[in-house]
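Chain by chain, the residues run as shown.
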Amino acid sequence: MNTKFFDAEITNVIDETDSVKRFFFKVSDEIKFRFEAGQFIMLDLPLHTKITNRSYYIASPPNDNNTFELCIVHKPGGLGTQYIWENFTQEKHTRVSQPLGKFLLPKII
């Protein structure tokens with residue numbers, strides 16, 4: 001599968017604890033960014049390693065406004081979370097993948 005990546009703006013960052021942050025993202029309205037409960041995205045981080053993508057489950061409920069939230073726990077010694085902690089601030093941009101994953105929660109009507 002060829003994974004598509006999009007530019008996303010970091011619209012807010014909330015420090016929940018010393019090791020947990022909530023990050024809010026907005027993808028351009030020109031793109032249909034739809035996800036279902038249980039899906040994840042990959043962040044394309046400029047790390048100096050063979051693998052630069054890191055996967056994170058979407059923490060917000062599905063919506064139609066191209067926004068989503070990630071709740072990320074800082075992993076001591078982790079290259080991905082260290083980069084995120086040092087560089088992800090409000091109004092910065094990053095590359096995010098299309099929503100991925102087939103482990104979905106059933107829709108309740």
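Cut-off values and rules
- Residues numbered from 1 in each chain as written.
- Predicted model: local features only at pLDDT ≥ 70, side-chain atom pairs only at ≥ 80, totals over all residues.
- Heavy atoms only, no water.
- Pairing = 2+ DSSP bridges.
- Helix = DSSP H or I, 4+ residues; strand = E, 2+ residues; numbered from the N terminus.
- Axes fitted to C-alpha atoms, helices over the stretch in contact; angles between N-to-C directions.
- Phe/Tyr/Trp six-rings, centres within 6.5 Å; stacked < 30°, edge-to-face > 60°.
- Buried < 20%, exposed > 50% of the residue type's maximum accessible area, 1.4 Å probe, protein only.
- Core = buried A, V, L, I, M, F, W, Y, C linked by side-chain atoms within 4.5 Å.
- Contact = heavy atoms within 4.5 Å.

Description of the pairing of strand β6 (residues 93-97)
The side chains of a regular strand alternate, residue by residue, between the two faces of the sheet. With five bridges connecting them, strand β1 (residues 5-15) and β6 associate as antiparallel partners. Paired with Phe 6 across the two strands is Val 96, which belongs to β6. Sheet topology note: the strand β3 (residues 40-44)/β6 ladder contains two bridges and is antiparallel. Residue Asp 44 lies in a different strand from β6, and its bridge partner there is Arg 95.

Digging into the sheet that holds β3
Ordered in space as β4-β3-β6-β1-β2-β5, the six strands form an open sheet in which the pairing is antiparallel. Across the chains shown, the open sheet's two edge strands, defined by having one partner strand only, are β4 (53-57) and β5 (67-73). Taking each pair of neighbouring strands and ignoring which way they run, the sheet shows an average axis angle of 40 degrees.

Topic: the packing of aromatic side chains
Enumeration over the complete set of coordinates arrives at nine aromatic pairs. Ring geometry for Phe 33 against Phe 68: centres 5.1 Å apart, planes inclined by 25 degrees, an arrangement best described as stacked. Within this pair, whereas Phe 33 is found in the loop between β2 (20-27) and β3, its partner Phe 68 is found in strand β5, the two being separated by 35 residues in sequence. The pair formed by Phe 33 and Phe 68 is uniform in burial state, with each residue classed as buried.

Remarks on the nonpolar core
Within the largest apolar cluster, 21 residues are counted, with the highest numbers of intra-cluster contacts made by Leu 43, Phe 68 and Ile 84. Those elements that place two or more of their residues in this core are β1, β2, β3, β5 and α1 (79-87). Apart from residues lying up to four places away in sequence, Leu 43 is in contact with Thr 52, Asn 53, Arg 54, Tyr 56, Leu 70, Ile 84, Phe 88, Thr 94, Arg 95 and Val 96.

Things to note about unusual backbone geometry
The phi dihedral of Asn 66 is positive, around 60 degrees, even though this residue is not glycine. In this structure Asn 66 comes out as buried when scored by relative accessible area, which is 3%. Positioned with a positive phi, Glu 91 is a non-glycine residue whose angle comes to about 75 degrees. Position of Glu 91 relative to the elements: it lies in the loop between α1 and β6. Among the residues examined, Glu 91 registers a relative accessible area of 57% and is labelled exposed.

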